[in-house]
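Structural overview for review
One-letter residues, chain by chain:
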Amino acid sequence: MKALTVLKPQVAEYQEVPKPAAVGRFMTVKVERAGICATDFSIFSGDCSFVRSGEIVYPVRFGHEWSGTVVECGNEVRGFRPGDRIYSDSGISCGKCPDCLAGHYDKCRFTRSVGTINCWDGCFAEYISIPDYNAYHIPDSVSFDEATLIEPSAISYDAFRNVELNEASTVVVIGTGAIGMSAVWLAKYLGAGRVVVVGRTPSKLEIGRKIGADIAVNSTVTDPVKAIKDLTDGQGAELVIETSGSDKALYQGIYMTRNDCRICSLSFYEHDLDGVPVDHLVLNKISLVGGAGRFGNPQKVCGIFEKNPVKLTPIITHRIKFGEMKDFLESSAKYAKSKIKVMVEF
Ligand SMILES: [Zn+2]
Ligand SMILES: [Zn+2]
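Residues numbered from 1 in each chain as written. Chains lettered and ligands numbered in written order. Predicted model: local features only at pLDDT ≥ 70, side-chain atom pairs only at ≥ 80, totals over all residues. Heavy atoms only, no water.

Applicable threshold: UniProt positions are given in the numbering used here, feature names are shortened, and annotations may be inferred rather than shown by experiment.
By the naming in an unreviewed UniProt entry, the protein chain goes by Putative L-iditol 2-dehydrogenase and is assigned to Candidatus Colimorpha enterica. UniProt, in the comment section headed Sequence similarities (unreviewed entry), describes the protein chain in these words: "Belongs to the zinc-containing alcohol dehydrogenase family." Listed in UniProt under the heading Cofactor (unreviewed entry), the comment for the protein chain reads: "Zn(2+)".

Here it is, written out as structure tokens:
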């Protein structure tokens, strides 16, 4: 089978590799759709903190947003059969540690991330190997496109952990990438009375409005902190979600956050930050938290894809075939302004 592999920074090749075998609890799954994420572009470019830290080592069989169809099951697979449409956890549990042996696969401390850290061979390939204990059925009403958006949405879902939203709540989302957009979509579904998306590109802000934002603020023409203060009688938002990865946006987000409330960052900044307004944070009892997804989120988010009449799929701005992916990566700079989610079809 064909797999796209990053051999070293800036060099990706389609390699002919063995199709994964379906043995024991493992299934061979045909990849139907794969999403390209900012992390994938950074693995390709080499400008990636996980590469610098040694957590990602070349060559990398990358790709971590996917959905597929089971083609073959190992003899111990339970609950799945060929033809089933599935998605998976983003970390594959080891299956051997005491937690895994007790059936607590979500507690495994030896997980390998699909296509990224401690790499489990990723989804930019015709087939992927997935154990039944990390796999989930895609409901009939959820498309392969939507199921592929579960992974980024499951990261965004962390921002809402232990937060109660209601008609009076304002949620601000900074950034209009796939993580930001899924945060907008979730915020509205989870009950925020007012959702504000802050970004720099009018076409992306327009898509934000389509999937749940009540108000779009273009930070290239309006001071976003002033805009949020004006909207909230000077109080700030109950929840601010920073997804742009810009230092300045994080600082601005802190000033947008209401007293005693939360700002959650779902982004990587690729360096340590000096300018965080710590005294403002302390004085106003603002919680600055991080979110990166966790076991259990994908199933919850899948349920939202099933129930939410508002579709997240308008964030798919580009569709390419698997065979076009290498060219797309090499020329991605020219799509930077327009792309939100690139969907790869197989
Ligand atoms: Zn990703
Ligand atoms: Zn384990």
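That shown, we press on.
**What about the overall build of the protein chain?**
Filter applied, for reference: Helix and strand assignments come from DSSP, with helices taken as H or I runs of at least 4 residues and strands as E runs of at least 2, each series counted from the N terminus. In this treatment the radius of gyration is a C-alpha quantity, and the globule benchmark scales as 2.2 Å times the residue count to the 0.38 power. Remark: exposure states derive from per-residue accessible area (1.4 Å probe, protein chains only) relative to the maximum for the residue type, with buried under 20%, exposed over 50%, and partly exposed in between. Only the protein chains shown count as cover for residues, and all accessible areas are computed by the Shrake-Rupley method using a 1.4 Å probe. For the purpose of counting charges, residues Lys and Arg are taken to be positive, whereas Asp and Glu are taken to be negative. His and the chain ends are not included. Lysine's charge is taken at NZ, arginine's at CZ, aspartate's at CG and glutamate's at CD.
Helix and strand counts for the protein chain come out as 12 helices and 17 strands. The C-alpha atoms of the protein chain give a radius of gyration of 20 Å, which matches the 20 Å a tight globule of 346 residues would have. With the C-alpha coordinates aligned to their principal axes, the bounding extent of the protein chain is approximately 60 × 40 × 35 Å. Counting all 346 residues of the protein chain, 55% fall into the buried class. Carbon and sulfur atoms make up 50% of the accessible area of the protein chain, which amounts to about 15,200 Å² in all. Charge-centre separation for the protein chain: the mean point of 39 positive side chains lies 2 Å from the mean point of 41 negative side chains.

**With respect to the domain arrangement of the protein chain**
Defined as follows: Marked domain ranges trace back to an automatic or database domain assignment. Whether two residues are in contact is decided by their heavy atoms, any of which lying within 4.5 Å being enough. Summed over both partners, the accessible area (1.4 Å probe) lost when two parts come together is defined as the buried area. Each salt bridge in this description consists of a side-chain nitrogen of Lys or Arg and a carboxyl oxygen of Asp or Glu lying within 4 Å of one another. In protein, a polar contact means a hydrogen-donor-capable atom and an acceptor-capable atom, both N or O and within 3.5 Å, with residues adjacent in sequence counting only if both atoms are side-chain atoms; elsewhere, any N or O pair within 3.5 Å suffices. Lys, Arg, Asp and Glu make up the charged group, whereas Ala, Val, Leu, Ile, Met, Phe, Trp, Tyr, Cys and Pro make up the nonpolar group; the residues left over, Gly among them, are polar.
Split by domain assignment, the protein chain resolves into domain 1 (2–149 + 312–345) and domain 2 (154–290). At the interface, 15 residues of domain 1 touch 13 residues of domain 2. Carbon and sulfur atoms supply 66% of the area buried between domain 1 and domain 2, which totals about 1,100 Å² over both sides. The interface formed by domain 1 and domain 2 contains one salt bridge. Note that Arg52 and Glu270 form a salt bridge whose closest N and O atoms lie 3.0 Å from each other. There are five residue pairs in polar contact (both at pLDDT 80 or more) connecting domain 1 and domain 2. In terms of residues, the side of domain 1 that touches domain 2 owes the most to one element, helix H2 (residues 49–52), which gives three residues. Residues that form the side of domain 1 that touches domain 2 fall into these classes: seven nonpolar, three polar and five charged.

**Thoughts on the coordination of the zinc ion (ligand 2)**
Here is the rule we go by: A donor here means any N, O or S atom no more than 2.8 Å from the metal (3.2 Å for Na, K and Ca); water is not included, so a site may seem to lack partners. Here the metal geometry follows the donor angles, with tetrahedral for four donors whose angles all fall between 85 and 135 degrees, square planar for four and octahedral for six when opposite donors are more than 155 degrees apart and every other angle is between 65 and 115, and irregular for all the rest.
Around the zinc ion (ligand 2), the protein supplies Cys94 (SG), Cys97 (SG), Cys100 (SG) and Cys108 (SG) as donor atoms, at distances of 2.3 to 2.4 Å. Coordination at the zinc ion (ligand 2) comes from four donor atoms whose angles at the metal span 105 to 116°, giving a geometry best classed as tetrahedral. In the primary sequence, the donor residues of the zinc ion (ligand 2) line up as C-x2-C-x2-C-x7-C. Under the relative-accessibility criterion, Cys94 is labelled partly exposed at 24%. Classification of Cys97 as buried rests on a relative accessible area of 7%.

**Some thoughts on the UniProt feature "domain: Alcohol dehydrogenase-like N-terminal" (unreviewed entry) in the protein chain**
As annotated by UniProt and renumbered to match this structure, "domain: Alcohol dehydrogenase-like N-terminal" (unreviewed entry) occupies residues 28–140. The annotated region residues 28–140 carries 14% helix and 30% strand content, and the separation between its end C-alpha atoms amounts to 21 Å.

**Concerning the environment of Asn308**
Take Asn308: it is sitting in the loop between helix H11 (297–307) and strand S16 (316–321). Taking relative accessible area as the criterion, Asn308 reaches 8% and is therefore assigned buried. In sequence terms Asn308 and Leu186 are 122 residues apart; their C-alpha atoms lie 9.3 Å from each other. Non-local contacts of Asn308, meaning those with residues more than four positions away in its chain, are made with Trp185 and Tyr189. A distance of 2.9 Å separates a polar side-chain atom of Asn308 from the backbone nitrogen of Val310.

**Some remarks on unusual backbone geometry**
Note the cis peptide between Tyr58 and Pro59, where omega equals -5°. By the secondary structure assignment, Pro59 is in the loop between H2 and strand S4 (65–73). Within the chain, Glu270 stands out as a residue other than glycine whose phi angle is a positive 65°. Tracing the backbone shows Glu270 in the loop between strand S14 (257–265) and helix H10 (278–283). Classification of Glu270 as partly exposed rests on a relative accessible area of 34%. In this structure, Lys285 is a non-glycine residue whose phi angle is positive, near 50°. With respect to the secondary-structure elements, Lys285 resides in the loop between H10 and strand S15 (287–290).

**Regarding the pattern of salt bridges**
For the coordinates displayed, the defined rule picks out 17 salt bridges. Across the salt bridge formed by Asp121 and Arg61, the nearest N and O atoms sit 3.4 Å from each other. Within this pair, whereas Asp121 is found in the loop between strand S7 (112–113) and strand S8 (127–131), its partner Arg61 is found in the loop between H2 and S4, the two being separated by 60 residues in sequence. A relative accessible area of 15% places Arg61 in the buried class. Between Arg319 and Glu345 there is a salt bridge, with its nearest N and O atoms 2.9 Å apart. With Arg319 in strand S16 and Glu345 in strand S17 (residues 341–345), the pair connects residues that are 26 residues apart, well separated along the chain. The buried category is assigned to Glu345, whose relative accessible area is 17%. Sharing partners across several salt bridges, the network here consists of Arg33, Asp145, Arg319, Lys321 and Glu345.

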